[in-house]
Amino acid sequence: KQEVTQIPAALSVPEGENLVLNCSFTDSAIYNLQWFRQDPGKGLTSLLLIQSSQREQTSGRLNASLDKSSGRSTLYIAASQPGDSATYLCAVRRQGGSEKLVFGKGTKLTVNP
Amino acid sequence: GAGVSQSPSNKVTEKGKDVELRCDPISGHTALYWYRQRLGQGLEFLIYFQGNSAPDKSGLPSDRFSAERTGESVSTLTIQRTQQEDSAVYLCASSFLQGVGFFGPGTRLTVL
């Protein structure tokens, strides 16, 4: 059974700092991995999707890496801003047929002005 | 609208009552998912619809839960005889085949 773990559960940083969020998964047979942002009352927003054959994806100040063999992904946020404050969720989709995403519990990020 | 919409946004009900939650996916999206997020927990998969294929119901926690979808349009999630443990945010998402999933804002269900 696939399990996804995110560390840390919460993180507080000053504005401008670079930071890394971690995600690990127990079954490396994944189809893709996705990072989401969750804001209260607004559902989830997809940030980056990495296919299993890819090593990283970048969007603006965000960079996500994937090491499938070790079951790890990181989300790097450069020059953090107060508007980045949210809960960040990592989710994996299993290879070979299952459509469901298995989510971690998330990392709650607070960027202080 | 362009996004996934869900209604109601909030629902408070008494234990034992039935509730129906609605999801309007993005037009043209073939896949639709329901997830549940209980307080302090990660998202739990409930059910998945893909076109006219038989739905994947493997995540439904009990026979009190059921969901329907007509074609590639609206879906309803029904919870019968609600229990306090059903209190959660119920999230719907849609996607085109196995692409990026777009989530709705969720329905917050509180069972008293």
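This section reports on the structure supplied with the text. What you see is a predicted model, and the numbers here were worked out from it, not measured in a lab.

### As for the overall build of chain A
Looking only at helices and strands, chain A has zero helices and 11 strands in total. The globule rule puts the C-alpha radius of gyration for 113 residues at 13 Å, and the 14 Å found for chain A is close to it. With respect to the principal axes defined by its C-alpha atoms, chain A has extents near 45 × 30 × 20 Å. Buried residues in chain A amount to 44% of all 113 residues. Considering only intrachain contacts with a sequence separation of at least 6, the fraction spanning at least 24 residues in chain A is 55%. In the form shown here, chain A has an accessible surface area of approximately 5,400 Å², with 47% of it arising from carbon and sulfur atoms. Chain A carries 12 positive and 9 negative side-chain charges, and their two centres are separated by 6 Å.

### Some remarks on the state of the cysteines
As enumerated under the stated definition, the model contains two disulfides over all chains in all. Linked covalently through their sulfurs, Cys23(A) and Cys90(A) form a disulfide whose S-S length is 2.0 Å. On the sign convention where negative is left-handed, the bridge of Cys23(A) and Cys90(A), at about -60 degrees about the S-S bond, is left-handed. In this pair, Cys23(A) is assigned in strand 3 (residues 19-25) and Cys90(A) in strand 9 (residues 86-94), connecting sequence segments 67 residues apart. Each member of the pair, Cys23(A) together with Cys90(A), is buried. Disulfide pairing places Cys23(B) opposite Cys92(B) at an S-S distance of 1.8 Å. On the sign convention where negative means left-handed, the S-S torsion of about -65 degrees between Cys23(B) and Cys92(B) marks this disulfide as left-handed. Taken as a pair, Cys23(B) in strand 3 (residues 19-24) and Cys92(B) in strand 8 (residues 88-95) lie far apart in primary sequence, 69 residues in all. Under the relative-accessibility criterion, Cys92(B) is labelled buried at 0%.

### Topic: the packing of aromatic side chains
Two aromatic rings, taken as a pair, are described by how far apart their centres are and by the angle between their planes. The full count for this structure, using the stated rule, is eight aromatic pairs over all chains. With a centroid separation of 5.6 Å and an interplanar angle of 40 degrees, the aromatic rings of Phe36(A) and Phe103(A) are classed as tilted. Remark: Phe103(A) occurs in strand 10 (residues 101-103) and Phe36(A) occurs in strand 4 (residues 30-38); sequence separation between them is 67 residues. A residue is classified by how much of its surface remains accessible, and Phe36(A), at 0% relative accessible area, is buried. Judged by centre distance (6.3 Å) and plane angle (25 degrees), the rings of Tyr33(B) and Tyr35(B) are stacked.

### Points about the interface of chain A and chain B
Every contact between the two is made by 19 residues of chain A and, on the other side, 17 residues of chain B. Interface of chain A and chain B: buried area, both sides summed, is about 1,500 Å²; carbon and sulfur atoms make up 53% of it. Run the count over chain A and chain B and you get zero salt bridges. On inspection of chain A and its partner chain B, the count reaches three residue pairs in polar contact (both at pLDDT 80 or more). Of all the elements in the fold, those that place two or more residues in the side of chain A that touches chain B are strand 4, strand 5 (44-51), strand 9 and strand 10 of chain A. Take the side of chain A that touches chain B: its biggest share by element is five residues, from strand 4 of chain A.

The rules behind these values
- Residues numbered from 1 in each chain as written.
- Chains lettered and ligands numbered in written order.
- Predicted model: local features only at pLDDT ≥ 70, side-chain atom pairs only at ≥ 80, totals over all residues.
- Heavy atoms only, no water.
- Helix = DSSP H or I, 4+ residues; strand = E, 2+ residues; numbered from the N terminus.
- Rg over C-alpha atoms; globule rule 2.2 N^0.38 Å.
- Buried < 20%, exposed > 50% of the residue type's maximum accessible area, 1.4 Å probe, protein only.
- Contact = heavy atoms within 4.5 Å.
- Areas by Shrake-Rupley, 256 points an atom, 1.4 Å probe, with all protein chains shown as cover.
- Lys, Arg positive; Asp, Glu negative; His and termini not counted.
- Charge placed at Lys NZ, Arg CZ, Asp CG, Glu CD.
- Disulfide = S-S within 2.5 Å.
- Phe/Tyr/Trp six-rings, centres within 6.5 Å; stacked < 30°, edge-to-face > 60°.
- Buried area = accessible area lost by both parts, 1.4 Å probe.
- Salt bridge = Lys/Arg side-chain N within 4 Å of Asp/Glu carboxyl O.
- Polar contact = N/O pair within 3.5 Å; in protein donor to acceptor, adjacent residues only side chain to side chain.

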